[in-house]
Amino acid sequence: MVPLSSDPDAEYDEEYTVDLSALEPLAAMPHMPDNVKKVSEIGEIKVNQCCIGSCTNSSYYDMMKVASILKGKTVSPEVSLTISPGSKQVFNMLAQNGALADIISAGARILECACGPCIGQWKRTIGNLKGDKTPNSIIESFNRNFAGRNDGNPLTNAFLASPEMVMAMAINGDLTFNPLEARSAPPRVRT
């Protein structure tokens with residue numbers, strides 16, 4: 001690791017100190033990406049669909065973090081987890097290094113490398129199936145959570161979070177779980 005530092009003669013208008021150990025996991029609430037709360041403030045919400053992928057949070061590094069968290073674990077039987085790697089190259093690299101096997105073994109469904117998941121072009125297998133108009137909640141690592149965007153159901157409450165948060169929710173099945181408890185060592189990414 002290369003230490004970061006400023007020039008020895010650097011001058012600053014202000015300095016801020018951030019205690020990273022005091023930060024709490026966050027999630028964007030329905031139906032706006034900037035409606036963010038601490039997970040501890042959201043309360044108990046059952047999720048039955050977790051999604052990783054699309055153009056956001058689906059890089060090789062993101063997918064390796066997902067595989068690292070899922071390795072040796074199983075997705076909650078009440079949750080459908082879909083993963084769409086960011087590109088064909090990312091998909092191939094995951095297959096070559098064995099991470100894809102860890103993801104699939106945990107119970108994830110792999111979707112095409114495309115924009116389909118973000119705009120609702122995927123089939124749900126648990127909970128609110130396409131065409132159903134009942135209230136339900138999903139959590140995803142996408143960049144938008146507008147009403148009706150994901151599955152055409154305006155009653156779907158779509159939460160946004162990091163891939164690590166989505167994995168913790170997929171394993172636990174609800175938004176009460178503290179993802180920091182599922183934290184594992186950062187994955188070693190081959191260059």
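J.: Residues and numbers for the packing of helix α2 (residues 60–70) against helix α3 (residues 88–97), please.
T.: The interhelical angle for the contact between α2 and α3, taken along N-to-C directions, is 40°, at an axis separation of 10 Å. Looking at the two axes, α2 sits oblique to α3. Crossing geometry of α2 relative to α3 is assigned as right-handed. Along its contact with α2, which presents Tyr60, Met63 and Met64, the element α3 presents Val90, Met93, Leu94 and Asn97. Residues that form the contact of α2 with α3 fall into these classes: 6 nonpolar, 1 polar and no charged.

J.: Mind laying out unusual backbone geometry, listing which residues take part and the relevant values?
T.: Between Pro30 and the following residue, His31, the backbone shows a cis peptide bond with an omega angle of 0°. Among the secondary structure elements, His31 is positioned in the loop between β1 (26–28) and β2 (36–38).

J.: Now, about the pattern of salt bridges: what can you tell me, with residues and values included?
T.: On inspection of all chains with the given rule, the structure shows 5 salt bridges. Linking Glu78 and Lys46 is a salt bridge whose minimum nitrogen-to-oxygen distance equals 2.6 Å. Taken as a pair, Glu78 in the loop between α2 and β4 (80–84) and Lys46 in the loop between α1 (39–42) and β3 (49–53) lie far apart in primary sequence, 32 residues in all. With a relative accessible area of 45%, Glu78 lands in the partly exposed category. Judged by its relative accessible area of 47%, Lys46 falls in the partly exposed class. Residue Lys65 pairs with Asp62 through a salt bridge whose shortest N-O separation is 3.5 Å. Of this pair, Lys65 and Asp62 both sit in helix α2, 3 residues apart, which is roughly one turn of the helix. Like Asp62, Lys65 is buried. One salt-bridge network, in which partners are shared between bridges, spans Asp62, Lys65 and Glu164.

Cut-offs used in this document
- Just so you know, the residues in each chain are numbered from 1, in the order the chain's sequence is written.
- Where local features are concerned, this predicted model is filtered to residues with pLDDT of at least 70; where side-chain atom pairs are given and counted, the filter is 80 or more; whole-chain, interface and lining totals use all residues.
- Derived side-chain values reflect all non-hydrogen atoms in the structure, with water molecules and hydrogen atoms excluded from consideration.
- Think of each axis as a best-fit line through the C-alpha atoms, taken over the contacting stretch in the case of a helix, with angles from 0 to 180 degrees between the N-to-C directions.
- Strands here are runs of E lasting at least two residues and helices are runs of H or I lasting at least four, both read from the DSSP assignment and numbered beginning at the N terminus.
- Any angle that falls under 35 degrees is termed roughly parallel, while one over 145 is termed roughly antiparallel, one within 65 to 115 roughly perpendicular, and all others oblique.
- Definitions for this section: a left-handed crossing has its near helix turned counterclockwise from the far helix by less than a right angle. A right-handed crossing has that turn clockwise.
- Only heavy atoms enter the contact rule, under which two residues are in contact if any of them lie within 4.5 Å.
- Think of it as three bins: nonpolar holds Ala, Val, Leu, Ile, Met, Phe, Trp, Tyr, Cys and Pro, charged holds Asp, Glu, Lys and Arg, and polar takes everything else, Gly as well.
- In the sections that follow, a salt bridge refers to a side-chain nitrogen of Lys or Arg positioned within 4 Å of a carboxyl oxygen of Asp or Glu.
- Throughout this description, buried means an accessible area under 20% of the type-specific maximum (1.4 Å probe, protein chains only), exposed means over 50%, and partly exposed covers the range between.

Remember that the coordinates give geometry; whether it matters functionally is a separate question.
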